[in-house]
Amino acid sequence: MTAPILPGSTVGVLGSGQLGRMFAIAARRMGYRVHTFSPDYDTPTGQVADVEVRGSWNDLDAVRAFASRVDVVTFEFENVSSESTAAAEAVVPVRPAGSVLHTTQNRLREKRFLAGLGIPVTPFAAIGSVAELEREIERIGRPAVLKSAGFGYDGKGQSKIGPGSDLRTAWIAAGSGESVLEAFVELECEISVVAARGIDGTFAHFGAVRNDHAHHILDVTTAPAAVDPAVARDAVDIARTVLEALGVVGVLCVEFFVSKSGALMVNELAPRPHNSGHFTFDACVTSQFEQQLRAVCALPLGSTEQLRPAAMANLLGDLWSGGAPRWERVCAMADVKLHLYGKAEARPGRKMGHLTAMAATGEEAAARVRAARALLTAI
Ligand code: AMP
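Residues numbered from 1 in each chain as written. Predicted model: local features only at pLDDT ≥ 70, side-chain atom pairs only at ≥ 80, totals over all residues. Heavy atoms only, no water.

## Quick notes on the overall build of the protein chain
Point 1. Looking only at helices and strands, the protein chain features 12 helices and 16 strands.
Point 2. Relative to the globule expectation of 21 Å for 379 residues, the C-alpha radius of gyration of the protein chain, 21 Å, shows essentially globular dimensions.
Point 3. Counting only C-alpha atoms, the protein chain reaches 60 × 55 × 40 Å along its principal axes.
Point 4. Put simply, the protein chain has 379 residues, and 55% of those count as buried.
Point 5. Considering only contacts in the protein chain between residues 6 or more positions apart, those separated by 24 or more positions represent 62%.
Point 6. Carbon together with sulfur atoms contributes 52% to the accessible area of the protein chain, which is approximately 15600 Å² in total.
Point 7. On the protein chain, the mean spot of the 37 positive side-chain charges and the mean spot of the 41 negative ones are 3 Å from each other. (Helix = DSSP H or I, 4+ residues; strand = E, 2+ residues; numbered from the N terminus. Rg over C-alpha atoms; globule rule 2.2 N^0.38 Å. Buried < 20%, exposed > 50% of the residue type's maximum accessible area, 1.4 Å probe, protein only. Contact = heavy atoms within 4.5 Å. Areas by Shrake-Rupley, 256 points an atom, 1.4 Å probe, with all protein chains shown as cover. Lys, Arg positive; Asp, Glu negative; His and termini not counted. Charge placed at Lys NZ, Arg CZ, Asp CG, Glu CD.)

Pasting the structure below:
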C-alpha cells in the first residue's frame, strides 16, 4: 500500500491559474502547505500558496529544485512538457503521471486512444497537409472542423469548414501543422463528467452536468444535466473506462457531445479539475479540488454527494468593458456565491471568476445564476 501524504505535508502544483488557486484553497484548508511553479508572478495560485516559484517550463533544473522541496507534485496546467514532468518524476511522485498528460495533450493521440477503447468519438481524420485535407474532407463531409492537434483549448486553433470554405484558408487558420479533421455534429447539448480515481483504484464521480458555451468558451454549467438517465449512465461508464485505462490518480474531466439523435460522443479529456466542476466547491460534500488533493496524497476519496441542484456561470473579462462590475449587487444576494481569481487584468474572453447558485432544480439554479451575472453590468 502506498503511504498517504498527510496534512502538514507539502504539495507542489505545476501551473498557477485559477484551478491551482482553488486547489490551494482546498489544500490549505486541510493543513497542507502548497508550492506553485510557473513563469509568472503574483498569480491566482501564488496569491494563495505558501510559496510561489517563478521559473521557465524549459528550465529542468528549476523544476527539479521545485520538486525536491515538496512531497508530491500535481499540475493544474495540462500543457506542461513531458521533459518537465519527467524531471519532477525523478525526484517525487507526480500524480496523475506524466504519461496521462502525454496522451491528453495531443488531440490525435487522445482520439486514437479513445477509439482504441471502443469509445464513441466524432468521425475524424489525421491531417498533415492541404493535400490530405482535400482528400479527407471528401470522406468526412461538410460541415467539418479542423483543429490543431497540440495545445488547443476553448476553440483556439480551430476552423469550421462549411460548404463554400476554402481549404487552404482553413489549414492556415488551424495553424498549418499536425491537425485533426472532425465531422461537425448537430448538437442537442454538451455534457461532461468530472471523476476521480484514487491510488487504490477507487472511482468516484460528480455525475453528468450540462455545459452551455458562448463563443467556444464555457458559459454556464447546470448540475445535474437534465438528460435521459441512460445517457448520463453511459457518460459515467465511459468516464470510468477512461480513468481506468489511463491509470489516472487524480481528477479527470470527460467532455461529451450529445447529438440531435441522442448519441453520446467524447469531445475531449482534461486530466485535472475542470471549469464544469466548479459548482462542486459550493454544492458537494467534497469539491473536485479536495478530491484531487485526496487522490494525489493517496488518501481515500471523499463523498461526491451533491447537496442541492446547482449552476455555475463564468465571469469573463468582457464584463469589465464598462468599468468594474457591480459586485455589491451580487454580494447582496444571500444565496449566490462569488469566486474571483485575483487576476489584475480583465481581457475579453479571460476567465476572471465565476458565480454559483443552488435551487430546487438545476434549471432554476441556472436562471438564478444568469440573472445574478446580468446584474453585474446592468445600468
Ligand atoms: P473544443 O476546443 O474541441 O472543446 O471545441 C470547443 C467547442 O466548439 C465545443 O465545446 C463545441 O461547442 C464546438 N465544437 C467543437 N468541435 C465540434 C464538432 N465536431 N461538432 C460540433 N461542435 C463542435
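Structure's up, so let's keep going.
## Some remarks on the environment of Val 70
Point 1. With respect to the secondary-structure elements, Val 70 resides in the loop between helix H2 (60-67) and strand E4 (72-75).
Point 2. Between the C-alpha atom of Val 70 and that of Val 92, which follows or precedes it by 22 residues, the distance is 7.7 Å.
Point 3. Setting aside residues no more than four positions away along its own chain, Val 70 makes contact with Thr 10, Val 11, Gly 12, His 35 and Val 92.

## A look at the sheet that holds strand E14 (residues 310-316)
Point 1. Strand order in the open sheet formed by 8 strands is E13-E12-E9-E10-E11-E14-E16-E15, and the pairing between neighbours is antiparallel. Strands at the two margins of the open sheet, each flanked by one partner only, are strand E13 (264-270) and strand E15 (336-340). For this sheet, the mean angle separating the axes of adjacent strands, direction not counted, is 25°.
Point 2. In this structure, E15 lies alongside strand E16 (residues 351-358), joined through 5 bridges in antiparallel fashion. Bridge pairing in E16 links Leu 338 to Leu 355. (Pairing = 2+ DSSP bridges. Axes fitted to C-alpha atoms, helices over the stretch in contact; angles between N-to-C directions.)

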